[in-house]
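Topology and contacts: notes
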Amino acid sequence: MQKKIALINDMTGFGRCAIAAMAPIVSAMKIQAVPIPTAILSTHTQFPVYYFDDYTSRMKDYIQTYKDLHLEFDAIATGFLGSEEQVDIVIDFIQTFKRKETFILVDPVMGDHGKLYKTYTPAMCQKMKELIQYADLMTPNLTELVTLVDHPYPESLPSFDELKEMCEQLSRQGPSHIVVTGIPFNDKQILNFIYNKHEDYQIVMVDRIGKDRCGTGDVIAAVIAGSYLNGLSFYESVKKATAFASKCIRFCEQTHVPHHYGLSFEEYLYELGEDL
């Protein structure tokens, strides 16, 4: 039977982020995408104007349909969560639908560049720690990693041993596989630090291309989830995801796509289904 992945994230019409980016990516990898929206937006919040509809009050009724149908999922991927109530709803979803063979990917979209988003109060950060107890895979950036292990944001690039120690600390809370994404290594390279429980760390370096682009994390998380579900190792999944994102970013730079328009992944979607 065709595999299914539940995508718990917001649904944004224009801007190539969250479910709007993740669903076509996993679909191209021959996996059925099943969206569970946390909010509906016309564009994401980096645009000067946008429509926003908080879906929290309707999430339980939306999910109840899947409970009534006794649906089964091969993977569950979570993205930005805007409130403690949403975290509780997601935990209930995982407790209901996680089978022995189902893996959980948590992308803890909490902040970047040493700063947390406004919704991530100390109480919300503590709530996120409840969710990561259920995670098998996690894709934090450096800001999210240090926040979840109660470390200050470093003034300089942490050593590989320091990154490993923090990942080990995070792993004790739940996940066996962690990739710390998008760490600026130097002017020309981005470091992705990979931790697998009870193994030595691995790294994947990619070219640093232009400025940060909205939705990059969603693209990377989607390719990792799809690749891992299709049988690749976590390392190979990260390698495929970062290479794919880099190719999309390079195309955007060459064609002058605005940074808040996200990644033009449509150009290369077909490649994700090759060799499957």
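Cut-off values and rules
Throughout, a residue's number is its position along its own chain's written sequence, starting from 1. Under the rules for a predicted model, residues below a pLDDT of 70 receive no local features and side-chain atom pairs below 80 are neither given nor counted, while totals for whole chains, interfaces and linings still include all residues. Hydrogens and water molecules were not included; the side-chain quantities draw on all heavy atoms of the structure. Labels follow the DSSP assignment, with helices taken as runs of H or I lasting at least four residues and strands as runs of E lasting at least two, numbered in each case from the N terminus. Within these notes, the globule rule equals 2.2 Å times the number of residues to the 0.38 power, and the radius of gyration is based on C-alpha atoms. When accessible area is computed with a 1.4 Å probe and restricted to protein chains, residues below 20% of their type maximum are described as buried, those above 50% as exposed, and intermediate ones as partly exposed. Working rule for contacts: check all heavy atoms of both residues, and any pair within 4.5 Å makes them a contact. In this description, accessible areas are obtained by the Shrake-Rupley approach with a 1.4 Å probe, and a residue is regarded as covered only by the protein chains that are shown. Only four residue types enter the tally: Lys and Arg on the positive side, Asp and Glu on the negative side; His and the chain ends are excluded. One atom stands in for each charge, and that atom is NZ of Lys, CZ of Arg, CG of Asp or CD of Glu. We call a crossover right-handed when, viewed with both strands directed away from the observer, the connection leading from the first strand over the helix to the second proceeds clockwise. Should DSSP find at least two bridges between two strands, the strands are taken to pair. Axis definition: a line fitted to C-alpha atoms, limited for helices to the stretch in contact. Angles are taken between N-to-C directions and run from 0 to 180 degrees. Roughly parallel refers to an angle under 35 degrees, roughly antiparallel to one over 145, roughly perpendicular to one between 65 and 115, and oblique to any angle outside these ranges. Nonpolar cores were defined as sets of buried Ala, Val, Leu, Ile, Met, Phe, Trp, Tyr and Cys residues, with membership established by side-chain atoms within 4.5 Å. Any carboxyl oxygen of Asp or Glu within 4 Å of a side-chain nitrogen of Lys or Arg constitutes a salt bridge here.

**Notes on the overall build of the protein**
If you tally the helices and strands in the protein, you get nine helices and eleven strands. What you see for the protein is a C-alpha radius of gyration of 17 Å, in line with the 19 Å of a compact globule of 276 residues. The C-alpha extent of the protein, read off along each of the three principal axes, is 50 × 40 × 40 Å. Counting every position in the protein, which comprises 276 residues, the buried fraction comes to 51%. Expressed as a percentage of contacts within the protein between residues at least 6 apart in sequence, the contacts between residues at least 24 apart total 68%. Surface accessibility of the protein: about 13000 Å² in total, with carbon and sulfur atoms responsible for 51%. If you average the places of the 25 positive and of the 36 negative side-chain charges in the protein, the two averages end up 2 Å apart.

**Focus on the pairing of strand 1 (residues 4–14)**
Burial analysis of strand 1 places eight of its eleven residues in the buried class, which makes it a mostly covered element. Handedness of the crossover joining strand 1 and strand 2 (residues 32–43) through helix 1 (residues 18–28) is recorded here as right-handed. Two elements, strand 1 and strand 4 (residues 75–78), share four bridges in a ladder whose sense is parallel. Counterpart to Ile8 in the pairing with strand 4 is Thr78.

**Some words on the sheet that holds strand 9 (residues 177–184)**
Across a sheet, paired strands are connected by hydrogen bonds in the backbone, their directions being either parallel or antiparallel. The sheet built from nine strands is open, its strands ordered 3-2-1-4-5-8-9-10-11 with mixed pairing. The open sheet has two free edges, formed respectively by strand 3 (52–54) and strand 11 (202–207), since each of these has just one partner strand. As defined by bridge partners, strand 9 adjoins strand 10 (residues 189–196) across six bridges and the pair is classed as antiparallel. When the sheet's bridge partners are listed, Ile178 is paired in strand 10 with Tyr195. Contacts between helix 2 (residues 56–68) and the sheet are confined to strand 1, strand 2 and strand 3, with strand 2 contributing the most and set at about 160° to the helix.

**As for the packing of helix 3 (residues 84–97) against helix 4 (residues 122–131)**
Running from N to C, helix 3 and helix 4 point in directions that differ by 5°, and their axes come no closer than 10 Å. By the angle between their directions, the pair helix 3 and helix 4 is classed as roughly parallel. Where helix 3 abuts helix 4, its residues Glu84, Val87, Asp88, Val90, Ile91 and Ile94 lie against Ala123, Met124, Lys127, Glu130 and Leu131.

**Here's the deal with the nonpolar core**
Core analysis: the biggest nonpolar cluster contains 44 residues, and Ile76, Phe93 and Leu131 have the highest contact counts within it. When residues of this core are assigned to their parent elements, the largest contribution, seven residues, is made by helix 3. Excluding residues that lie within four positions of it along the chain, Leu131 makes contacts with Thr78, Leu81, Val87, Val90, Ile91, Ile94 and Val106. Residues Ala21, Ala241, Phe244 and Tyr268 belong to the second largest nonpolar core, which totals 43 residues.

**Some remarks on the environment of Glu267**
Locating Glu267 in the fold gives a position in the loop between helix 8 (234–254) and helix 9 (269–272). Of the residues examined, Glu267 reaches a relative accessible area of 42% and is grouped as partly exposed. Between the C-alpha atom of Glu267 and that of Phe251, which follows or precedes it by 16 residues, the distance is 8.5 Å.

**Structural notes on the pattern of salt bridges**
The full count for this structure, using the stated rule, is 14 salt bridges. The shortest N-O distance in the salt bridge between Glu266 and Arg16 comes to 3.0 Å. Of this pair, Glu266 sits in the loop between helix 8 and helix 9 while Arg16 sits in the loop between strand 1 and helix 1; the two residues are 250 residues apart in sequence, bridging distant segments of the chain. On the basis of relative accessibility, which here comes to 23%, the residue Arg16 falls in the partly exposed class.

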